[in-house]
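# Descriptive structure summary
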Amino acid sequence: MTDVPDTPSTTSSHSSTRGGSHSGSAAGRTARAKAALRTARTFLGLVLRALVRLHKRLRRRWEPVWTGWIDRLWEGLRPLDPYRSVKAALGALVIVSVVITTLLALFAVNSATELRVITIISIIASLLITQFVAQSLTAPLDEMTDAARAMADGDYSRRVRGDRRDEFGELAETFNRMAADLEAVDQHRKELVANVSHELRTPIAALRAVLENVVDGVSDADPETMRTALQQTDRLGRLVATLLDLSRLDNGVVPLHSRRFEVWPYLAGVLKEANMSKGQGHARTDVHLHLDVSPPELTAYADAERLHQVVANLIDNAVKHSPPHGRVTVRARQGGSAESLEVEVLDEGPGIPASERARVFERFNRTKSAEAASQRGGGGSSSDGGTGLGLAIARWAVDLHGGSIRVAESPRGCRIQVTLPGLAPSQG
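Residues numbered from 1 in each chain as written. Predicted model: local features only at pLDDT ≥ 70, side-chain atom pairs only at ≥ 80, totals over all residues. Heavy atoms only, no water.

### A short note on the overall build of the protein
The number of helices and strands found in the protein is nine helices and seven strands. By the burial criterion, 31% of the 428 residues in the protein qualify as buried. Here the contacts in the protein between residues at least 6 apart in sequence split such that 68% fall between residues at least 24 apart. (Helix = DSSP H or I, 4+ residues; strand = E, 2+ residues; numbered from the N terminus. Buried < 20%, exposed > 50% of the residue type's maximum accessible area, 1.4 Å probe, protein only. Contact = heavy atoms within 4.5 Å.)

### Considering the pattern of salt bridges
If you walk through the whole model with that rule in mind, you get 13 salt bridges. We note a salt bridge from R161 to E143, for which the minimum N-O separation is 3.6 Å. Highlighted residues: R161 in the loop between helix 3 (115–152) and helix 4 (167–215) and E143 in helix 3, separated in sequence by 18 residues. The exposure class of E143 is partly exposed, given its relative accessible area of 23%. Between R331 and D292 there is a salt bridge; the shortest N-O distance is 3.8 Å. Taken as a pair, R331 in strand 4 (residues 327–334) and D292 in strand 2 (residues 288–293) lie far apart in primary sequence, 39 residues in all. Looking at R331, the relative accessible area reads 28%, which means it is partly exposed. The network of salt bridges with common partners includes D292, R331, R333, E344 and R415. (Salt bridge = Lys/Arg side-chain N within 4 Å of Asp/Glu carboxyl O.)

### As for the packing of helix 7 (residues 304–320) against helix 9 (residues 390–401)
It is at 9 Å that the axes of helix 7 and helix 9 come closest, and there the two elements cross at 150°. As judged from the angle between their axes, helix 7 and helix 9 are roughly antiparallel. At the point where helix 7 passes helix 9, the crossing takes the left-handed sense. Seen from helix 7, the contacting residues are R306, Q309, V310, N313, L314 and N317; seen from helix 9, they are G390, L391, I393, A394, A397, V398 and H401. When the residues that make up the contact of helix 7 with helix 9 are grouped by side-chain class, the tally is seven nonpolar, five polar and one charged. (Axes fitted to C-alpha atoms, helices over the stretch in contact; angles between N-to-C directions. Parallel < 35°, antiparallel > 145°, perpendicular 65-115°, else oblique. Left-handed = near helix turned anticlockwise from the far one by under 90°. Nonpolar A, V, L, I, M, F, W, Y, C, P; charged D, E, K, R; others polar.)

### Observations regarding the pairing of strand 7 (residues 415–420)
With five of its six residues buried, strand 7 lies for the most part within the structure. Across six bridges, the pairing between strand 5 (residues 341–346) and strand 7 is antiparallel. The partner of E342 across the bridge, within strand 7, is T419. As defined by bridge partners, strand 6 (residues 404–408) adjoins strand 7 across five bridges and the pair is classed as antiparallel. Across the sheet, V407 pairs through a bridge with I416, a residue of strand 7. Here strand 6 folds back onto strand 7 in antiparallel fashion, the turn holding six residues, of which G413 has a positive phi close to 70°. (Pairing = 2+ DSSP bridges.)

### Remarks on the UniProt feature "transmembrane region" (unreviewed entry) in the protein
UniProt annotation of "transmembrane region" (unreviewed entry) refers to residues 88–109 and 115–134 when read in the numbering used here. Here residues 88–109 runs as 100% helix and 0% strand, with 31 Å between its end C-alpha atoms. End C-alpha atoms of residues 115–134 are separated by 28 Å, and the span's content is 100% helix alongside 0% strand. (UniProt positions renumbered as here; feature names shortened; annotations may be inferred.)

### A few points about the packing of aromatic side chains
Any aromatic ring pair is given by two values, namely how distant the centres are and how the planes are angled relative to each other. Summed over all chains, the structure comprises one aromatic pair. Between F261 and Y266 the ring centres are 4.8 Å apart and the planes differ by 45°, which places this aromatic pair in the tilted class. Its relative accessible area of 6% is what places F261 among the buried residues. Residue class for Y266 comes out buried when judged on its relative accessible area of 15%. (Phe/Tyr/Trp six-rings, centres within 6.5 Å; stacked < 30°, edge-to-face > 60°.)

### Comments concerning helix 7
The first and last C-alpha atoms of helix 7 sit 24 Å apart over 17 residues, in line with the 24 Å expected at 1.5 Å per residue. By the criterion of burial, helix 7 is predominantly enclosed, with twelve of the 17 residues buried. Buried residues of helix 7: A304, R306, L307, Q309, V310, V311, N313, L314, I315, A318, V319 and K320, and no others. In this structure D303 caps helix 7, since a side-chain oxygen of it lies 3.1 Å from the backbone nitrogen of E305. (Expected span 1.5 Å × (residues − 1). Polar contact = N/O pair within 3.5 Å; in protein donor to acceptor, adjacent residues only side chain to side chain.)

### Points about unusual backbone geometry
Looking along the chain, the bond that leaves S294 and enters P295 is cis, with omega of -5°. In this structure, P295 sits in the loop between strand 2 and strand 3 (299–303). A positive phi angle, close to 60°, is found at H325, a residue other than glycine. Mapped onto the fold, H325 is located in the loop between helix 7 and strand 4.

### Let's talk about a positive patch on the surface
A surface patch of positive charge is lined by R49, R53, K56, R57 and R60. A relative accessible area of 46% means that R53 is categorised as partly exposed. (Patch = residues over 30% accessible without salt bridge, like charges linked within 9 Å, V, L, I, M, F, W, Y side chains within 5 Å. Areas by Shrake-Rupley, 256 points an atom, 1.4 Å probe, with all protein chains shown as cover. Lys, Arg positive; Asp, Glu negative; His and termini not counted. Charge placed at Lys NZ, Arg CZ, Asp CG, Glu CD.)

### Let's talk about empty space enclosed by the protein
Enumeration according to the criterion identifies one cavity of 30 Å³ or more in this entry. Considered as a void within the structure, the largest cavity measures approximately 30 Å³ in volume. In terms of lining residues, the largest cavity is bounded by L314, N317, A318, V345, D347, C414 and I416. The element contributing the most residues to the lining of the largest cavity is helix 7, with three residues. Counted by class, the lining of the largest cavity contains five nonpolar, one polar and one charged residues. (1 Å grid on protein atoms, 1.4 Å probe; cavity = no way out; pocket = protein on both sides within 12 Å on 5 of 7 lines; lining within 4 Å. Points joined across faces, edges and corners; volume = space filled by probe spheres on them.)

### A closer look at the sheet that holds strand 6
In spatial order, the strands read 2-4-5-7-6; together these five strands make up an open sheet with mixed pairing. Two strands close off the open sheet at either side, each with one partner strand: strand 2 and strand 6. Strand-to-strand twist in this sheet, taken as the mean axis angle between neighbours without regard to direction, amounts to 15°. Contacts from helix 9 reach strand 6 and strand 7, with the element oriented near 25° to strand 7.

Below, the structure is given as structure tokens:
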């Protein structure tokens, strides 16, 4: 019996072999495709990052150029923009009126409409457009006129709308700034009159009470009573003198007489006068004054009289707000330029809150802590409370030198720092 080969099984075996090779090649192609895709993705990522960096560099380099060019172009086109220029608006009005008249005339020529009817219609249309444009242009002027009349009557709170982009919008912004400045000046004037009246009323009332007691026989005219009356008179004199100094500074009639001087003996003299005035200028006699000048041979170039005014006012203010048996230190150092000077006055009082430091050099300004201490009448503040003009005088005197004065940070108490520029480069 002859064996017959199993052809189907052989065919099946060959078929499976071919299928395995085909599946293996497909898997290889898939892997290669994934690898190529990853490579392409990485390459594209690198290209994109390079393009982003290039764009940033080009933007940093050229953005100011084309931005400035666009701004100049936009500003140059302003006379042609009817929304930003009154002249352009009036020109547009004329052009629109001419176009309407021309179109109506062409319509009359090409139709059976009479020319006089077209003329009447064109005139009416031109008048309506002119009235609309004129109303939009004159409305800000009417509003400014009403506000100016209100300001003439004493009402400085009026403002006008400034939402336009043309010349009237700029005029409205300028008008509002002027109104705000006038309102601030008027408010300052009212506060000045009220504060001066208050400051004058207190010593006058005290002096009147002392004299009435003497006249009525309630108290004798002994040295102690007369000393009390003299203290109130001195307070009045100081207030009038500071007001006069402030008026001179405001009017610019106080010239500077700058000279070179040695700082140590100069400040020692200021502190000696402050010690001698204890019990006269203020009631505090328990505060110790200390001078610190480094180097000892330090020199400065300034107006000695005005600087004396600054340091004396700062010392007086520091003494008034010092605690019992406190210490006030006057420190002087070399500034950043030739013959320049930095002076600091430090006390051990309650200090000045950060929210009030910007206003502390304003006239008649007192911090809340100083007012509270003055009302208590004890501890760290003199009962007279001061006039509220000392720091304002100091600031104006420093400004005359072209220097600066500020409340500096301090771990304890208050530290006021004064910087004077010294010699100008042309004077060195």
